[in-house]
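Remarks on the overall topology
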Amino acid sequence: MTRIFSGIKPTGHLTLGNYLGAVRRWVEVDQHAAEALFCVVDLHALTVEHDPARVRRLSRQAATLLLAAGLDPALCTVFVQSHVDEHARLSYLLECTAADGELRRMIQYKEKSARARASGESVRFSLLSYPVLMAADILAYRTDEVPVGDDQTQHVELTRDLAVRFNQRYGQTFTVPRATRPTVAARVMDLQDPASKMGKSHESGAGIVYLLDDPDVVRKKIMRSVTDSGREVVYDRETRPGVANLLEILAACENGNPSELADGYASYGALKKDTAEAVVETLRPLRERHAALVADPGQVDAVLTAGADRARRLARPVVDAAYRAMGLLPAG
Ligand code: AMP
Ligand code: TRP
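Everything quoted here is computed from the prediction, not taken from an experiment.

Reading guide: rules and limits
Residues numbered from 1 in each chain as written. Chains lettered and ligands numbered in written order. Predicted model: local features only at pLDDT ≥ 70, side-chain atom pairs only at ≥ 80, totals over all residues. Heavy atoms only, no water. Axes fitted to C-alpha atoms, helices over the stretch in contact; angles between N-to-C directions. Helix = DSSP H or I, 4+ residues; strand = E, 2+ residues; numbered from the N terminus. Parallel < 35°, antiparallel > 145°, perpendicular 65-115°, else oblique. Left-handed = near helix turned anticlockwise from the far one by under 90°. Contact = heavy atoms within 4.5 Å. Nonpolar A, V, L, I, M, F, W, Y, C, P; charged D, E, K, R; others polar. Near = heavy atom within 4 Å. Polar contact = N/O pair within 3.5 Å; in protein donor to acceptor, adjacent residues only side chain to side chain. Areas by Shrake-Rupley, 256 points an atom, 1.4 Å probe, with all protein chains shown as cover. Domains from an automatic or database assignment. Buried area = accessible area lost by both parts, 1.4 Å probe. Salt bridge = Lys/Arg side-chain N within 4 Å of Asp/Glu carboxyl O. Buried < 20%, exposed > 50% of the residue type's maximum accessible area, 1.4 Å probe, protein only. Pairing = 2+ DSSP bridges. Right-handed = clockwise from strand over helix to strand, strands pointing away.

1. Quick word on the packing of helix 2 (residues 52-69) against helix 11 (residues 268-294)
For the pair helix 2 and helix 11, interaxial distance at closest approach is 8 Å and the crossing angle is 125 degrees. When the axes of helix 2 and helix 11 are compared, the pair comes out oblique. Helix 2 and helix 11 meet at a crossing whose hand is right-handed. In this structure, helix 2 contributes Gln61, Thr64, Leu65, Leu67, Ala68 and Ala69 to the contact, and helix 11 contributes Leu286, Arg289, His290, Leu293 and Val294. Among the residues forming the contact of helix 2 with helix 11, the class breakdown is seven nonpolar, three polar and one charged.

2. Things to note about the site of ligand 1
Looking at ligand 1, there are 18 residues lining it, with Lys9, Gly149, Asp151, Val188 and Lys200 nearest. In this structure, an oxygen atom belonging to ligand 1 sits 2.8 Å away from a main-chain N or O atom of Lys9. Between a nitrogen atom of ligand 1 and a main-chain N or O atom of Met198, the distance comes to 2.9 Å. Relative to its unbound accessible surface of 480 Å², ligand 1 loses 96% to contact with the protein. Among the secondary structure elements, those contributing two or more residues to the shell around ligand 1 are strand 1 (3-8) and helix 1 (16-33). When residues in the shell around ligand 1 are grouped by element, the largest group, four residues, is from helix 1.

3. Focus: the domain arrangement of the protein chain
We note that the domain assignment places domain 1 (3-181 + 297-325) and domain 2 (215-292) within the protein chain. Taking only C-alpha atoms, the centre of domain 1 and the centre of domain 2 are 30 Å apart. With eleven residues of domain 1 in contact, the opposing surface of domain 2 contributes ten residues. Taking both sides of the interface into account, the surface hidden between domain 1 and domain 2 amounts to around 870 Å²; carbon and sulfur atoms contribute 71%. Broken down residue by residue, the surface that domain 1 buries against domain 2 is led by Leu16, Arg24 and Ala68, which jointly contribute 48%. At the junction of domain 1 with domain 2, the criterion picks out zero salt bridges. Our enumeration of links across domain 1 and domain 2 arrives at two residue pairs in polar contact (both at pLDDT 80 or more). Residue assignment for the side of domain 1 that touches domain 2 shows that the elements contributing at least two residues are helix 1 and helix 2. By residue number, the principal contributor to the side of domain 1 that touches domain 2 is helix 2, which donates six residues. Here the side of domain 1 that touches domain 2 is composed, by residue class, of seven nonpolar, three polar and one charged.

4. A closer look at the pairing of strand 2 (residues 35-40)
Most of strand 2 sits out of view: five of its six residues are buried. Relative to strand 2, strand 1 is paired through six bridges, and the arrangement is parallel. By the bridge assignment, Ile4 is partnered in strand 2 with Ala36. Read as a crossover between parallel neighbours, the route from strand 1 over helix 1 to strand 2 is right-handed. On the question of chirality, the crossover connecting strand 2 to the parallel strand 3 (residues 77-80) by way of helix 2 is right-handed.

Okay, structure coming up:
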């Protein structure tokens, strides 16, 4: 059976981009079609300046939201990365497989390190090695498919390179995975700045719809979104990025097609209104289930404990095999 692995970082509150670009497909397709693991990758949240209490809180919230979104522990494995030591163990072996040049070429590293330097912060070494840890997340489970948004394809490519290189040098150990992407909303853009991704770590929240935003806040953010000059509603990412983003969000919520939807609108205002309502309706069940889960935290803890047990059982033999293949003396 196909094995699927994906992860989400607890660096901020989950956004509509996370949901439409990733989580919704995990819920609707992946957990039914494959043996799937979904991980709150908390170690990755330590690659930039962080507040320990906040990371702890956001990790729990991310896990709760994944369950609220509809991941079903009877169908898939939901767990927290730091509960399973195998990720860090394998990461070191892959650091010994990767070259520093290929890590320095990662777009996300270049962007994030430049941003940190510009604001006078030091760049953590783990920001550079981050994609190696991500490769370990994936390879430890002999994953076939990695469903992620567009921004992660380069990291999955690196993971493939590392798997192939390791297998060639030390013998067949890892499955070479491939990235799969959603057909619409692979990249939901910031409502105030349609040139950049709707990302949970942005400073200003005005262009970001958070999954737990009140419906009125969602409406306000969408009604105030930046559109483009011109008047007629056409779907063109290049010349009308703001409108295209709204059309994609609407299409993703209604399982429609952005250019066909464009034909039905005579004004930006009407498009914004319908998009706002579609998003509010899409998020409603998630918000309701989230409230129920928060009232019963023991349930989330139990899911995470069982998930980590299961993940450990799967990853252990793979990582042990990698240790042996690389020449480390078995402990007996
Ligand atoms: P992250 O928030 O970076 O941990 O991302 C978790 C998942 O959500 C990854 O698969 C990302 O590719 C996806 N994702 C994050 N932001 C967006 C966005 N604005 N549009 C589409 N997918 C996204
Ligand atoms: N790097 C991913 C992101 O920023 C999160 C992630 C970490 C991930 N490990 C993973 C995604 C493994 C897929 C598979 O979104």
